[in-house]
Amino acid sequence: MLGGVLGAGVLLAAGRLQASAGPGDPRTVGARQRFFGAENVDAEIGAVRADRVVLSWVGCATYAVAFAGSVLLLDAWVPRLTSSGYTPATPQDLADLRPEAIFIGHGHFDHAADAGRIAQACGAVVHGTAEHCAAIRAQVVDPTFPTVALGDVNTPIGQRHDFTVGAVEVTAVRHIHSGPTAPDRDDPASAVFPAPELCALVQHPPSLAGVLQSLPRLLDAENGVLLYQFRVPGFSLVWHDSAGPLTEKAPQVFDVLAGLPGTDLHVGTIQGFNQFTNGLRDPRTYIEALGPALFVPTHHDNWLPGITSSAAAYDPPLQAELARIPSGSRPELRSLHDPVDYLNPARLTFRL
């Protein structure tokens, strides 16, 4: 009986998100202006500027992106498991953006838990492995949104998929999730143990709705990991929501990453399970392979107080790790700090 009551509570808390009437819906115009900046969004129809790339950090590794006229979501989850309101956004806000596509890096709850409801409300095309797509369709009753499978869990590590979304060229590369390995004697890096910060939990306690929405997704499987590069003439973006120990487990991926077109902006996860034995070596190896002009760390914020820490706590070890890259190859670093840089498009706006 308790299970039935909890299940009913979960369905009630999750609910169906409200669909907007179309691109000119006031909710969509308002959401796009809030996430991307009023100067980058048409006040009448909500179109985003075709000569801009704008990224708005939602928390963890989720980003709303206005990319040369297209609105995209990278991952689809708003943090609220242990704290409510620390991230100033909701799944309804992301649905109101009316993204045309959602790209899933991997299937864990903190990356894909809101994807089904968002896609159902706005009709966005969900991209991910076949298992990502199946799991996300199972999040809602009678799903009506389309999905695109980019391989499956048996796809060889390092395989790439090339396709387009509107005017944006996209490459998805199969790689691996973060994981602990023995200390690397050939490439030693200092372990990283950020101090727990409980301030968010005290100032933004969890809500019942947030807990009930999160519970069904806590055991969602990884179902494969994808890195994405997005390109238009004059600009390229790489985003990934995990950084695995490629050195030991998939060194062939380095050659695939190095073979991609040049990367202007690299938004990459730095928090991972290998930081306790190999520090930030794994994120650095992704950077070295891609050779970006600008690096923005992600998945390093205090959305799970007591386990995660604030982004500022990662600044010193990240700067030390980047200093190991020769100056001629070292990217510019632009750190985003929670919570002030959530939904702060001015930090990541680029002209085409």
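Note that the structure is a prediction, hence the values are computed from the model and not measured.

(A) Broad picture of empty space enclosed by the protein. Under the defined criterion, the tally for this structure stands at one cavity of 30 Å³ or more. Approximately 50 Å³ is the volume found for the largest cavity. Looking at the lining of the largest cavity residue by residue, the class counts come to three nonpolar, six polar and one charged.

(B) A look at the environment of Glu44. Note that Glu44 resides in the loop between helix H2 (26-36) and strand E1 (52-59). Along the primary structure Glu44 and Asp25 are separated by 19 residues, whereas in three dimensions their C-alpha atoms are 8.9 Å apart. Sequence-distant contacts of Glu44, that is, excluding residues within four places in its chain, are made with Gly24 and Val29.

(C) Here's a closer look at the side chain of Thr87. Mapped onto the fold, Thr87 is located in the loop between strand E3 (70-74) and helix H3 (91-96). Contact partners of Thr87, with chain neighbours within four places excluded, come to Val58, Gly59, Val78, Pro79 and Tyr342.

(D) Representation of unusual backbone geometry in the model. Cis geometry marks the peptide bond from Asp338 to Pro339, where omega comes out at -5°. Tracing the backbone through its elements, the reader meets Pro339 in the loop between strand E13 (332-333) and strand E14 (349-351). Even without a glycine there, the phi angle at Arg98 is positive, about 50°. Note that Arg98 resides in the loop between H3 and strand E4 (101-103). Since its relative accessible area comes to 23%, Arg98 is described here as partly exposed. One non-glycine residue, His299, lies in positive phi territory at about 55°. Structurally, the position occupied by His299 is in the loop between strand E12 (294-298) and helix H13 (315-322). Look at His299 and you get buried, because its relative accessible area is 8%.

Rules and cut-offs
- Residues numbered from 1 in each chain as written.
- Predicted model: local features only at pLDDT ≥ 70, side-chain atom pairs only at ≥ 80, totals over all residues.
- Heavy atoms only, no water.
- 1 Å grid on protein atoms, 1.4 Å probe; cavity = no way out; pocket = protein on both sides within 12 Å on 5 of 7 lines; lining within 4 Å.
- Points joined across faces, edges and corners; volume = space filled by probe spheres on them.
- Nonpolar A, V, L, I, M, F, W, Y, C, P; charged D, E, K, R; others polar.
- Helix = DSSP H or I, 4+ residues; strand = E, 2+ residues; numbered from the N terminus.
- Contact = heavy atoms within 4.5 Å.
- Buried < 20%, exposed > 50% of the residue type's maximum accessible area, 1.4 Å probe, protein only.

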